[in-house]
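Listed below, chain by chain, are the residues.
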Amino acid sequence: MYPERPAGLAFGGDYNPEQWPREVLEEDAALMREAGVNLVSLGMFSWALMEPAEGHYDFGWLDEILDRLHAAGVAVDLATPTAAPPAWFVAAHPDVLPVTREGVRIGFGGRQSACSSAPAFREATARLVRALGEHYRDHPAVAMWHVHNEYGAPLGECYCEHSVAAWRGWLRATYQDLSALNDAWGTTFWGQTYTDWSQIDAPRFNHTVVNPAQRLDYARFSDGQHREHYALQRDILRELTPHLPVTTNFAGTVNCKSTDLWQWARELDVVANDHYLRAEQPDNHIDLAMSADLARSVAGGAPWMLMEHSAGAVNWQPRNLAKRPGEMRRNSLAHVARGSDSVLFFQWRASRFGAEKFHSGLVPHAGTDSGQWREVVRLGADLRRLAGVRGSRVRAEVALVWDWESYWALELDWRPSVDLSFRERMDAFYEALWREHVTVDFVHPSADISGYRVVVAPSAYLLTEAGAKNLHRYVEAGGHLLVSYFSGIVDEHDAIHPGPHPGALRELLGLSVEEFHPLRQDETVLLAAEPDAAGTEALPGRIWSERVRPAGAVTVRAFAAGPDAGHPAFTRHDLGAGTAWYLATAPVGGRALRDLLGPVLDHAGVSRPRGLPEHLELVRRGRHVFLVNHGDEPVTVEGVTGVSVFDGVRCDGRVTVAAGAVTVVEETPRTEGERA
Ligand SMILES: [Zn+2]
């Protein structure tokens, strides 16, 4: 259920009027009109004002603001303020304060200072949300509900007494009897067998490594506790206002590790995501694209909402670089290209005080006589012209396997190498595909993947039997699967699949691994050129090498140097109507990975534009082609016919995108004559 209002694409951001005097609020309404703002998120941190004392609710101040916004034609995404429990509440219930893994109870003064499992917090949440919902159920400004803020960041796991009590209940419900838990956790190792549920603690800080299966389950449990706190609110709001969609904003699809968004997305009426550039990272627009593609994917391909990003600098990175001219526009429209029906910001007006006073706003401290404000006004106009994009879909031929449980498991302690990283491999493959101008979806290993020409599993360390069978069926039916090293190693309890690695994928890949040979820091190996393919070059690899023994797979490239010289490095296994490829090292540099990936894409018939410069981002969404030029030179793109949305100019077969600019063309179908 996507919000009905505003029509077209939503534009605006978090609005915190309680920080400002009345004359500023009056100016806000005029400035929002000037910029074309049509949606604001309101009340996110306002619990202390909404309920100044236990059970005493005061919505008068908020009524006035909603009325003013409604009169200005601005719809409201009304937030429940539970990410900011007030001082009086925490003072009355100090047991709600979360406890870290090291056993430190945090103090009041930050945010998210209450544990999702604490009974007093859940009770106060339910009372407040009911009062808020009843008060605003019929207010014409309210278009949707925004529950809490960024579950999982900064509070992922809590180790307080309430959490431990809930954890024991979760374990009983999950395992039924204690012997099943002992088996699943392999507690015979280091003599950890439990004989009573009450003996089981949270996986607290320890002077050595804690049972990895226990830690993995605690990650699942903790994420689930936040989902329960969300669902408690959602159910009250659905009961009171069944016509209004309910969401919560993800703390960044790619950058918040503690939330399993495949599970979360099922609980939301519309997926909402926050994304902040990693300012110092070169080509950080690739991370943005990945975040947007993952948001669309967890939304099942449906349009999603960019709930927060920044107009300029943020305040929480080591060096908070300002955005360069045109960068905010490129960032915003890249999210729209990849499926967002909104461009929302934290926040409307930069704050004068508090922890985030150096975070940019749509209205900067410099005021409206500023380059940033002029870009904001221009962006509002651009988004009005793009209204026809709303609701349209992005189609991808390639999918990357992304599983949060595998992410958690892979990055627990004591793996064969500290250089094994879920994100490192995922980022490498995503970037290679981005530079090949291939739009990708992300998929869970058990999802229906039959529609993709190519599926890549960069880091599927944890793979269940069901997930492995799904990949097997996909290949047998004609799919093309590329698997990277250290995949299919363990089951859902972080126990190694029986037999040689990679237990879950041996048959599918047609090989086994006799021994891992992780490389020293900065050590490289060499993948030989393909013996039968003219023009291929030897490629360096890093991080990983291993002794692969083919059992049906053929060697495409062998290691030419390193501990496995002469043995397979890149293999191919024809199975049923499809092909399974396996890569046993990390090619050095994006070019090397693309040299391996390109032929796989070609073999599978993946369509993509050729001859474009790497920095020209091309994404098709419905009838619209988005062309984002991240470079310093103009780029002419062939094969695009239609009308350029921002200037109304017709392009017949080619369009030039200025340096740093974004062009969107609404394509017109070519006639039969043109096609011939
Ligand atoms: Zn707790």
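Residues numbered from 1 in each chain as written. Predicted model: local features only at pLDDT ≥ 70, side-chain atom pairs only at ≥ 80, totals over all residues. Heavy atoms only, no water.

### So, the coordination of the zinc ion
Every protein donor of the zinc ion is listed here as Cys115 (SG), Cys158 (SG), Cys160 (SG) and Ser163 (OG), and their distances to the metal cover 2.1 to 2.3 Å. For the zinc ion, the 4 donor atoms are set out with angles of 95 to 116° between them, so the coordination reads as tetrahedral. For the zinc ion, the donor residues sit on a single chain with the sequence spacing C-x42-C-x1-C-x2-S. By the burial criterion, Cys158 is buried, and Ser163 matches it. (Donors = N, O, S within 2.8 Å, 3.2 Å for Na, K, Ca; no water. Tetrahedral: all angles 85-135°; square planar, octahedral: opposite > 155°, others 65-115°. Buried < 20%, exposed > 50% of the residue type's maximum accessible area, 1.4 Å probe, protein only.)

### Section: the packing of aromatic side chains
Per the counting criterion, the structure on display carries 34 aromatic pairs. Seen in terms of ring centroids, Tyr159 and Tyr218 are 5.0 Å apart; in terms of plane orientation they differ by 35°. Their pairing is tilted. Of this pair, Tyr159 sits in the loop between β4 (142-147) and α6 (161-175) while Tyr218 sits in helix α8 (residues 212-240), and the two are 59 residues apart along the sequence. With respect to burial, Tyr159 and Tyr218 carry one shared label: buried. Ring plane angle 45° and centroid distance 5.3 Å describe the contact between Tyr218 and Phe221, whose orientation is recorded as tilted. Residue Tyr218 and its partner Phe221 are both found in helix α8; the two are separated by 3 residues, about one turn of the helix. The two residues Tyr218 and Phe221 agree in class, both being buried. Its end group placed over the ring of Phe646, Arg329 keeps NZ or CZ at 4.9 Å from the ring centre. Between Arg349 and the ring centre of Trp20, over which it is positioned, the NZ or CZ distance is 5.4 Å. (Phe/Tyr/Trp six-rings, centres within 6.5 Å; stacked < 30°, edge-to-face > 60°. Helix = DSSP H or I, 4+ residues; strand = E, 2+ residues; numbered from the N terminus. Lys NZ or Arg CZ within 6 Å of the ring centre and 35° of its normal.)

### Here we look at the nonpolar core
Generally speaking, soluble globular proteins have nonpolar side chains that are buried together. Judged by nonpolar contacts, the single largest core of 192 residues is most densely connected at Trp185, Trp402 and Phe442. At 9 residues, the largest contribution of residues to this core is made by α8. The next biggest cluster of nonpolar side chains, apart from the first, holds 13 residues, and it includes Leu612, Cys651, Val655 and Val657. (Core = buried A, V, L, I, M, F, W, Y, C linked by side-chain atoms within 4.5 Å.)

### Considerations on the sheet that holds strand β21 (residues 586-587)
By definition, the strands of a sheet pair up through backbone hydrogen bonds, in either a parallel or an antiparallel sense. Read from one edge of the open sheet, 10 strands run β11-β10-β12-β13-β20-β19-β18-β15-β16-β21, paired in mixed fashion. Each of the sheet's edge strands pairs with one partner strand only, and the pair in question is β11 (440-443) and β21. With 2 bridges joining them, strand β15 (residues 525-527) and strand β18 (residues 554-561) adopt antiparallel strand pairing. Bridging from a neighbouring strand, Leu527 pairs with Phe559 of β18. The strands touched by helix α14 (residues 422-435) are β10 (398-401), β11, β12 (454-457), β13 (480-484), β16 (539-542), β20 (578-583) and β21; relative to β10, the strand with the most contacts, the crossing angle is about 170°. Taken strand by strand, helix α17 (residues 589-604) contacts β10, β12, β13, β15, β16, β18, β19 (568-575), β20 and β21, and its axis lies near 170° from that of β20. (Pairing = 2+ DSSP bridges. Contact = heavy atoms within 4.5 Å. Axes fitted to C-alpha atoms, helices over the stretch in contact; angles between N-to-C directions.)

### Digging into the side chain of Asn284
Here Asn284 lies in the loop between β7 (272-274) and α10 (285-298). Judged by relative accessible area, Asn284 falls into the buried class, the value being 7%. Among the polar contacts made by the side chain of Asn284, one reaches the main-chain carbonyl oxygen of Ala279 at a distance of 3.5 Å. The residues contacting Asn284, other than those within four sequence positions of it, are Leu277, Arg278, Ala279 and Glu327. (Polar contact = N/O pair within 3.5 Å; in protein donor to acceptor, adjacent residues only side chain to side chain.)

### A short note on unusual backbone geometry
At the junction of Ala153 and Pro154, the peptide bond is cis and its omega measures out at 5° in the coordinates. With respect to the element layout, Pro154 can be found in the loop between β4 and α6. Following Phe346, the chain continues to Gln347 via a peptide bond in cis, the omega torsion being 0°. Of note, Gln347 is situated in the loop between β9 (340-345) and α12 (371-385).

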